[in-house]
Amino acid sequence: MSMIESVPTPNRRLRRGRRNATLRRMVRETQLTVDNLIAPLFIVEGQNIRKPISSMPGQFQLSLDQLDTEIAELVAAQIPAVLLFGIPLHKDTQGSSAWDANGPVPSAIRAIKQQAPHLVVIADVCMCEYTDHGHCGILTSGEPETITVDNDPTLELLARASVAYAAAGADVVAPSAMMDGQIAAIRYGLDQAGYHDTIILSYAAKFASAFYGPFREAAESTPQFGDRRSYQMDAANAREAIAETALDVAEGADWLMVKPAGAYLDIIRAVYEEFDLPLAAYQVSGEYAMIKAAAANGWIDEQRVALESLLAIRRAGASMIITYYAKVAAQWLKA
Ligand code: PBG
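Below you will find a few notes about this structure. Given the structure is predicted, the values throughout are model-derived calculations rather than measurements.

Re the side chain of Glu 70
In step 1: For Glu 70, the location among the structural elements is in helix α2 (residues 67-76).
In step 2: Sequence-distant contacts of Glu 70, that is, excluding residues within four places in its chain, are made with Leu 41, Arg 50, Leu 62 and Lys 327.

Spelled out as structure tokens, the structure:
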């Protein structure tokens, strides 16, 4: 076997900038800080409830009286915002608990604003936690296999819920029902009620994703029949995500969101390049659960994988990241 002699050596050596930690710190293009993190919370009715969500280790359903400790920890960690989901005792066909001024979310908003006035409170706006059938709005009638969410009658309900959250003191409402025209309907409702400064964070490109599995246990919002594919987006479609987002921008969305995040980094990047509005991404329940499960088996380093997944979402273009890792990630970043 003959030796290959005098192979050319590189004259461009990018490794020079990676030689030590200080150099790497200087050339780093993307920063992940606590300012990027938003913590989701699940609020249940009742007393003394801090119920672990089995598929999302470290996450809990909390009753109002258990909220203050959680909020204190998030504030101590310097998390700027929380995203609230409500789990009501009463569910019906319309999801009327969603706009009940004494429902779990308005009550939680008032309590949080009293305890931590500077913590930004975002209220998720959707009907699926509130309807007895688990779909994101009022259903159409007709043959069982043709039943879907009736778009236009649902708009008013989403607007009502948004106004209830704004009235309770929410800084931001985040509609996630994926109804056509929901941003215009909500903006109209908020403005009519005098809430001109309430921000709308639109789940502009929300995909019908199997990564939401654990959330449905957490929020008790599993559809009782069928699935959400007749209103949430098909995972195959990137250009349609631009069309969806463009509509929401035209209807008055202030901030945009792509969801899920990890498997949709291309969508985050495309929306970032196309629209000049603040951009959020949602690292959803299944993304969290997968990291947790692999880490519990000792197969990956949880902290490094979690922080890498969040940095990747930042690199793709999102400045706000909704993540179940928010509190611990903030603690890791501080350490
Ligand atoms: C409500 C809603 C869902 C999620 C956020 N808002 C569930 C769904 O659409 O089925 C999922 C969040 C997560 O998986 O962490 N429509």
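We are not done yet, so read on.
Details of unusual backbone geometry
In step 1: Here the bond from Lys 259 into Pro 260 is cis, since omega is -10°, no more than 30 degrees from zero.
In step 2: Tracing the backbone shows Pro 260 in the loop between β8 (255-259) and α8 (265-274).
In step 3: Of note in this structure, Asn 48 is not a glycine but carries a positive phi near 60°.
In step 4: For Asn 48, the position within the fold is in the loop between β1 (37-44) and β2 (50-52).
In step 5: Positive phi, normally seen in glycine, also occurs at Met 178, with a value near 60°.
In step 6: With respect to the helices and strands, the residue Met 178 is situated in the loop between β6 (172-175) and α5 (182-192).

Focus on the site of the ligand
In step 1: Residues in close proximity to the ligand total 17 residues, the closest being Lys 206, Arg 216, Lys 259, Ser 285 and Tyr 324.
In step 2: Separating an oxygen atom of the ligand from a side-chain N or O atom of Arg 216 is a distance of 2.5 Å.
In step 3: Residue Gln 232 places a side-chain N or O atom 2.8 Å away from an oxygen atom belonging to the ligand.
In step 4: Contact with the protein chains hides 100% of the accessible area of the ligand, taken as 390 Å² for the molecule alone.
In step 5: Residue composition of the shell around the ligand, grouped by class: nine nonpolar, three polar and five charged.

Observations regarding the pattern of salt bridges
In step 1: Counted by the stated rule, this structure contains nine salt bridges.
In step 2: We note a salt bridge from Arg 187 to Asp 191, for which the minimum N-O separation is 3.2 Å. Residue Arg 187 and its partner Asp 191 are both found in helix α5; the two are separated by four residues, about one turn of the helix.
In step 3: A cluster of three or more residues bridged by salt bridges with shared partners is formed by Glu 70, Glu 73 and Lys 327.

Looking at the packing of aromatic side chains
In step 1: One pass over the full model with this rule turns up ten aromatic pairs.
In step 2: A ring pair is formed by Tyr 282 and Tyr 324, whose centres lie 6.1 Å apart and whose planes are at 45°; its orientation type is tilted. Of this pair, Tyr 282 sits in strand β9 (residues 279-283) while Tyr 324 sits in the loop between β10 (320-323) and α11 (326-334), placing them 42 residues apart in sequence.
In step 3: The class of Tyr 282 is buried, set by a relative accessible area of 1%.
In step 4: Residue Tyr 324 is classed as buried on the basis of its relative accessible area, which comes to 4%.
In step 5: Each member of the aromatic cluster is reached from another via a ring pair, and the members are Phe 42, Phe 85, Tyr 203, Phe 215, Tyr 282, Tyr 288, Tyr 324, Tyr 325 and Trp 332.
In step 6: The side chain of Lys 206 reaches across the aromatic face of Tyr 212, ending 5.6 Å from its centre.

Describing the pairing of β10
Looking along a regular strand, one sees the side chains alternate between the two faces of the sheet.
In step 1: Every second residue of β10 is oriented toward a common face, with Met 320 and Ile 322 on one face and Ile 321 and Thr 323 on the other, all of them buried.
In step 2: Pairing of β1 with β10, which is carried by two bridges, proceeds in the parallel orientation. Residue pairing in the sheet places Leu 37 in a bridge with Ile 321 of β10.
In step 3: Both β9 and β10 contribute to a ladder of four bridges, which runs parallel. Note on β10: the bridge partner recorded for Ala 281 is Ile 321.

What to know about the pairing of strand β7 (residues 199-206)
In step 1: With respect to burial, β7 is a largely interior element, seven of its eight residues being buried.
In step 2: The handedness of the β6 to β7 crossover, carried by α5, is right-handed.
In step 3: In terms of strand pairing, β7 meets β8 through four bridges, oriented parallel. Across the sheet, Ala 205 pairs through a bridge with Val 258, a residue of β8.

Quick notes on helix α7 (residues 239-251)
In step 1: In this model, α7 (13 residues) spans 19 Å end to end at C-alpha, consistent with the 18 Å of a helix rising 1.5 Å per residue.
In step 2: Taken residue by residue, α7 has Ala 241, Ile 242, Glu 244, Thr 245, Asp 248 and Glu 251 as its buried positions.
In step 3: For α7, the elements touching its buried residues are α5, β7, β8 and α8.
In step 4: Among the residues trailing α7, Gly 252 stands out with phi positive, at a value near 110°.

Conventions we followed
The residue count restarts for each chain, going from 1 along the sequence in the order it is written. Per-residue local features are limited, in this predicted model, to residues with pLDDT of at least 70; the limit for side-chain atom pairs, both in listing and counting, is 80 or more; totals at the level of whole chains, interfaces and linings are taken over all residues. Hydrogens are left out, water is left out, and the side-chain values use all remaining heavy atoms of the structure. Under the scheme used here, helices are H or I runs from DSSP no shorter than 4 residues and strands are E runs no shorter than 2 residues, and both carry numbers assigned from the N terminus. Contact definition: two residues touch when any of their heavy atoms are within 4.5 Å. Here a residue is considered near a molecule or strand provided that any single heavy atom belonging to it is located within 4 Å of it. Whenever two N or O atoms come within 3.5 Å, that pair is a polar contact, provided that in protein one can donate a hydrogen and the other can accept it, and provided that, for residues adjacent in sequence, both atoms are side-chain atoms. Areas reported as accessible are Shrake-Rupley estimates using a 1.4 Å probe. Residue values count occlusion only from the protein chains shown. In this count, Pro and Cys sit with the nonpolar residues alongside Ala, Val, Leu, Ile, Met, Phe, Trp and Tyr, while Asp, Glu, Lys and Arg are called charged and the others, Gly among them, polar. Take a side-chain nitrogen of Lys or Arg and a carboxyl oxygen of Asp or Glu: if they are within 4 Å of each other, that pair is a salt bridge. Within 6.5 Å between ring centres, the rings of Phe, Tyr and Trp (the latter by its six-membered ring) count as paired, and their orientation is classed by plane angle as stacked under 30 degrees, edge-to-face over 60, tilted in between. Note on exposure labels: buried denotes an accessible area under 20% of the residue type's maximum, exposed denotes more than 50%, and partly exposed covers the range between, all computed with a 1.4 Å probe on protein chains only. Lysine and arginine charges are scored as sitting over a ring when NZ or CZ, respectively, is within 6 Å of the ring centre and within 35 degrees of the ring normal. One requirement defines pairing of two strands: DSSP has to find at least two bridges between them. A clockwise course of the path from the first strand over the helix to the second, judged with the strands pointing away from the viewer, identifies a crossover as right-handed. Helix span, expected: 1.5 Å multiplied by one less than the number of residues in the helix.

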